[in-house]
Amino acid sequence: MSKKICFNENELVGVLTTEPINRVLDYYSPSGGCRLGDFVEVFLGPRKVLGCVWSKGIGGYDPLKIKRINRVLDLEPMQEEMRLFLHRVSNYTLSPISGMLRLALRGNFTSQVKTHKKVYFFSGKNNHKQLKITRTRKRLLDFLTNKKTKHFSLNDLSFLSGVSISVIQGLIKNGLIEEKKIPIDFSYPKLFPEYLSQKLSNEQLAVVNQLKTFLVAKVYSTTLLKGVTGSGKTEVYLELVAEALRLGRQVLVLLPEIALTSAFIEKVKTRFGNSPAEWHSGVTKSEKYRCWRMIASGNIQLVVGARSALYLPFKKLGLIVVDEEHDTSYKQEDGILYNARDMAVLRASLNEAMVVLASATPSLETWVNAKVGKYNRLNLENRYGAAKLPEISCIDMRLEKLSPNTWISPKLIEGVKRNLENGEQSLLFLNRRGYAPITICQACGFQVGCEKCDARMTLHRFRSILICHQCGDTKLLIDVCPNCKASGSFNALGPGVERIAEEASKAFPDAKLALLSSDILTPSGSIDKIIDSIENGEVDIIIGTQLVAKGHNFPHLSLVGVIDADLGLQGADLRASEKTFQLIKQVSGRAGRDKTKGIALLQTYQPEHPVMRAILSNDDEKFWESEAKQRKEALVPPFGTMAGIVISGTDLQQVNEISNQFAINLGPLKDINAKVYGPAPAPIARIRGRHRIRLLIKVGNKKNFQKALGSWASQFKLPGNVRLSIDIDPQTFF
Ligand code: ADP
Ligand code: ZN
Ligand code: ZN
């Protein structure tokens, strides 16, 4: 006998689950047991899945098939504003809403832990002398010594340090590590807005006062804070953070690079007396769990994070700061393709919150938005204190005499030498990881490429491997050419930072060198150590990739040498000029941040290039104006919107046929007067064994773009092994 469930309409709720179903499903919630936004566990077939009460029940189903909500989780319900935000991002990026919910639920919320076991580290306590320090024990102790946080869950500690749980337990027995039970919801330390405010310059003060008036208005606004490198943008927006804290509103500061967080956290500690919460890939799972809950309950005042922090459940968000807003790493390039800077503006607009976009070299998008009055704009024209902006000049490489396989020109060598004599730091910058981009057989011309991608493999000599920068695949160095069987015939062509480091160590044998590249990022925090030693002046010459160009403040650095200033100008990227301008200005801006005057030397074969001239002239506005004019004439972003389409699969012929079908049947795209380019093989025509065909779609008017794209893309049912990805506002064209 089947049990008949009787319920009225308002006992039905629509639940969105994190499963890829992409619509709400009806569940039964007796006597109004669920509120909108509640996180729930429901049965989907035989499985328990996570969901969120998204709407009233849709109705119209067979009542006997409707299941009851299994459990309501002990979490703050999702606010309406957040549900709206997720819908908007989903519509804008054409990503499934269930995927958006997964983004908003990062962290492990199915386990209902009330208390959490944590291990604490106490160095040098107890019978430490009798203790045998094995290799793995040493690794664990080294890891803990280098870490600022000293407490971890057992699993996190094992994962992050790379030693097994039994090794940790051994040290717990010996008393070197102490185990403690602490509640998971223990609160974050309070930040004090009046703890230690810096004395601001008149220019800074004027900007802060203006920003504060926007904030206290409690309406949505976005402001471009354009301040030259070293103008003290951080100090300025920290004063605004202080004001938000006084108003009891939560703040999110987005940084483009995890490597910058520890310096920022130090600043927050100095200014507010305590550390903020952190949210990025380096934060442990249990910490994320705690952080998420405390943000939702309004008990965290300030979060510093990477782009995914945008989806945290702020209870009373008042301010979002996007630092280095021009940085391309704000664009998420896999999964859900969104630009965190743009979505920050959207999120704030749904919250009556304020956005500050800070940069010395804003993106053209933001510059134009400020120009047309969509955003406010405030400027800091001078460096803080006695520091002056660096003097930038070009080294014309056509006139320099270099020996084969060297890349540092005599002029630059001379500059570094002078700096060494004066006890000052120099930076050699090259935006290319590894040792050499090409490994070629001199006997037959064979180049070492990736088996899975149409890409060469980059030689990383320090690690003695070749790496594919597309898919991460590695190969050991080989001696015999697989093509012509010649032995010892391989030669490395072109420079990467490792090779510049090698050249520098030969040219300056007594100097202390530090290599700063994202390759050396290891979980043990070694990058922080290198940065510390640079800040303390223990390094003479820094050799680095774009990782050094971002936001760092190196007080002893007075000379920046750009090895290949032309590097970014090659290729067909519509933002090539803009990105080169930003990168060179940013990296040059690392010089002369203290009392000594800084100089930047740009090695170039085209000193007449408009970008080089714009950099030397120091007339930023003129550069943006001419850049804007060119983009307007070509109707490319920000004067027109684009979508990059990639159709990929393992069978090239199949991918070609499907791409042609899409290109022939433009239907909905024709209705909105879209221009369609392609199909053509993507610049990297194969990645991870998948062939890639590209189409580029351009419209003058954004209206109905997503809608048209959506119906165009869903015309054909794709075979299981073929994928279609849509990238709105693409930043890269690979
Ligand atoms: P930006 O981000 O604009 O490049 P920073 O915020 O890093 O510049 O500031 C550059 C340097 O000047 C930092 O060392 C910072 O601490 C210092 N500074 C800026 N403003 C002040 C201030 N009002 N008082 C003291 N130091 C300041
Ligand atoms: Zn060969
Ligand atoms: Zn590859």
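Before any of the text, the structure's been laid out above.
Residues numbered from 1 in each chain as written. Chains lettered and ligands numbered in written order. Predicted model: local features only at pLDDT ≥ 70, side-chain atom pairs only at ≥ 80, totals over all residues. Heavy atoms only, no water.

A. Representation of empty space enclosed by the protein in the model. Under the definition given, this model contains 3 cavities of 30 Å³ or more. Counted as a void, the largest cavity has a volume near 80 Å³. In terms of lining residues, the largest cavity is bounded by His326, Asp327, Thr328, Asn339, Arg341, Ser363, Glu365, Arg575, Glu578, Lys579, Gln582 and Gln731. Examining the composition of the lining of the largest cavity, we find that 3 residues originate from one element, helix α15 (residues 576–588), more than from any other. The residue inventory of the lining of the largest cavity, partitioned by class, reads no nonpolar, 6 polar and 6 charged. Domain assignment of the residues forming the lining of the largest cavity places at least three in each of domain 3 (202–282 + 301–380) and domain 4 (391–432 + 495–628). (1 Å grid on protein atoms, 1.4 Å probe; cavity = no way out; pocket = protein on both sides within 12 Å on 5 of 7 lines; lining within 4 Å. Points joined across faces, edges and corners; volume = space filled by probe spheres on them. Helix = DSSP H or I, 4+ residues; strand = E, 2+ residues; numbered from the N terminus. Nonpolar A, V, L, I, M, F, W, Y, C, P; charged D, E, K, R; others polar. Domains from an automatic or database assignment.)

B. Layout of the packing of aromatic side chains. The tally for this structure, following the rule as stated, stands at 9 aromatic pairs. Ring geometry for Phe662 versus Trp712: centroids 5.2 Å apart, planes at 65°, classification edge-to-face. Of this pair, Phe662 sits in helix α18 (residues 652–664) while Trp712 sits in helix α20 (residues 705–713); the two residues are 50 residues apart in sequence, bridging distant segments of the chain. By relative accessible area, which is 0% here, Phe662 ends up buried. Taking the relative accessible area as the measure of exposure, Trp712 reaches 0% and is therefore buried. Clustering of aromatic rings is evident, with ring pairs tying together Phe85, Tyr311 and Tyr338. (Phe/Tyr/Trp six-rings, centres within 6.5 Å; stacked < 30°, edge-to-face > 60°. Buried < 20%, exposed > 50% of the residue type's maximum accessible area, 1.4 Å probe, protein only.)

C. Geometry of helix α2 (residues 97–104). For α2, the tally of buried residues reaches 7 of 8 residues, placing the bulk of the element in the interior. For α2, the complete set of buried residues consists of Ile97, Ser98, Gly99, Met100, Leu101, Leu103 and Ala104. Where α2 is buried, its residues contact β1 (12–17), β4 (47–56), α1 (80–93) and α9 (285–296). (Contact = heavy atoms within 4.5 Å.)

D. Here's a closer look at the site of ligand 1. The environment of ligand 1 is made up of 16 residues, and the closest members are Lys199, Gly230, Lys233, Thr234 and Asn553. Within the backbone of Ser231, an N or O atom sits 3.3 Å from an oxygen atom of ligand 1. Here Arg593 contributes a side-chain N or O atom positioned 3.0 Å from an oxygen atom of ligand 1. The fraction of the free accessible surface of ligand 1 (560 Å²) that becomes covered by protein chains is 82%. In terms of residue count, helix α7 (residues 233–246) provides more of the shell around ligand 1 than any other element does, 3 residues in total. (Near = heavy atom within 4 Å. Polar contact = N/O pair within 3.5 Å; in protein donor to acceptor, adjacent residues only side chain to side chain. Areas by Shrake-Rupley, 256 points an atom, 1.4 Å probe, with all protein chains shown as cover.)

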